[in-house]
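Residue-level structural notes
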Amino acid sequence: MMSSDDFDLDGSSVNADEIGRIGLFLDLGEEERAAVAALCRKRRFAAGEVVISRQGDDHDVYFMLEGSADVQNHTIIGDALRLGQLGAGAYFGELSALDGGPRSAEVRTTEDCIVAAMSPSDFRNMLSEHPAVLVQILHNLAQMIRNSNLTVLQHATI
């Protein structure tokens, strides 16, 4: 649960220890984590708020420092379809940051959250400076494609 002091976090700096708790950056050294943290700014979201909207025009990448959120999409008739849950240490928004395209899903908090936001250009530059992080991103994207293909096959009618 957040304290009243947490309401003033928006835009504040992120430190190396906080970034070090994100799974993507576990293998980085202290100086590397500090450099990544310097590219981020904190944002606070209350429970039930939308962090990423499919209709939104932001392309930032988010790193979950505290809290949890659901990743969801909507069916043609408007029903919410839960695709997954994100907790502390997760990251999201990388697809749009990489290609500048629209968001592929909505992320809505399930409890109060603090995230570190990074701009798309900083994210792409960071990936070029840290090949191990890039490889992990590529691995996770490959898993997402495989899961999507499996879902399509499971719901296909012949």
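Our structure's up above, just so we're on the same page.
As the structure is a prediction and not an experimental result, all values here were calculated from the model.

We now examine the pairing of strand β7 (residues 106–109). Pairing of strand β2 (residues 50–52) with β7, which is carried by 2 bridges, proceeds in the antiparallel orientation. Residue V50 lies in a different strand from β7, and its bridge partner there is R108. Where strand β4 (residues 69–74) lies against β7, 4 bridges are found, and the strand directions are antiparallel. Across the sheet, the residue bridging to V71 is V107, located in β7.

For the coordinates displayed, the defined rule picks out 2 aromatic pairs. Both rings, one in Y62 and one in F92, keep their centres 5.4 Å apart while their planes meet at 20°; by these two values the pair is stacked. With Y62 in strand β3 (residues 61–66) and F92 in strand β6 (residues 91–92), the pair connects residues that are 30 residues apart, well separated along the chain. Accessibility assignment for this pair places Y62 and F92 in one class, buried.

Along the polypeptide, M118 turns up in strand β8 (residues 113–118). Note: C-alpha distance between M118 and Y62 (56 residues apart in sequence) is 6.4 Å. Setting aside anything within four residues of it in sequence, one finds M118 in contact with V36, L39, C40, R41, D60, V61, F63, F123 and M126.

A word on the pairing of β8. Within β8, 6 of the 6 residues are buried, which leaves the element mostly enclosed by the surrounding structure. Side chains C113, V115 and A117 project from β8 onto one buried face, and the interleaved I114, A116 and M118 project onto a second face that is buried too. Across 6 bridges, strand β1 (residues 40–45) lies against β8 in antiparallel orientation. Note on β8: the bridge partner recorded for R41 is A117.

This part covers the side chain of S119. Position of S119 relative to the elements: it lies in the loop between β8 and α4 (120–129). Within the structure, the side chain of S119 is placed 3.2 Å from the backbone nitrogen of D122, a separation counted as a polar contact. Residues within four places of S119 in sequence aside, it is in contact with R41 and D60.

Membership of the largest hydrophobic core comes to 23 residues, with the highest contact counts inside it found for L24, F25, F63, F123, M126, V133 and I137. Looking at this core, the elements with two or more residues in it are α2 (30–38), β3, β8, α4 and α5 (131–155). Not counting residues up to four positions away in its chain, the partners in contact with V133 are L24, F25, L28, M126 and L127. Within the second largest apolar cluster, 15 residues are counted, among which are F45, L86, F92 and A117.

As a further point, take the pattern of salt bridges. Taken as a whole, this structure holds 6 salt bridges when the rule is applied. For the salt bridge of D60 with R41, the shortest nitrogen-to-oxygen distance reads 2.6 Å. Here R41 lies in strand β1 and D60 lies in the loop between β2 and β3, a separation of 19 residues in the sequence. R41 sits in the partly exposed class, given a relative accessible area of 33%.

What counts as what
Per-chain numbering applies: the sequence of each chain, read as written, is numbered from 1 onward. Per-residue local features of the predicted model are confined to residues with pLDDT of at least 70, and side-chain atom pairs are confined, for both listing and counting, to 80 or more; whole-chain, interface and lining totals are unaffected and use all residues. Heavy atoms from the whole structure form the basis of all side-chain values; hydrogens and water molecules are not counted. Here, any two strands with at least 2 DSSP bridges between them count as paired. A run of H or I in DSSP becomes a helix once it reaches four residues, and a run of E becomes a strand once it reaches two; helices and strands are each numbered from the N terminus. Only Phe, Tyr and Trp rings are paired, with Trp represented by its six-membered ring, and only when their centres lie within 6.5 Å; those with planes under 30 degrees apart are stacked, over 60 edge-to-face, the remainder tilted. Buried means the residue's accessible area, taken with a 1.4 Å probe over protein chains only, is under 20% of the maximum for its type, while exposed means over 50%, and partly exposed covers the values in between. Between two residues, a contact is recorded if the distance between any of their heavy atoms is within 4.5 Å. Pairs of N or O atoms within 3.5 Å make up the polar contacts considered here, provided that, within protein, one atom can donate a hydrogen while the other can accept it, and that residues adjacent in sequence are counted only when both atoms are side-chain atoms. To form a nonpolar core, buried Ala, Val, Leu, Ile, Met, Phe, Trp, Tyr and Cys residues must be joined to one another through side-chain atoms within 4.5 Å. Just to be clear on terms, a salt bridge is a Lys or Arg side-chain nitrogen sitting within 4 Å of an Asp or Glu carboxyl oxygen.

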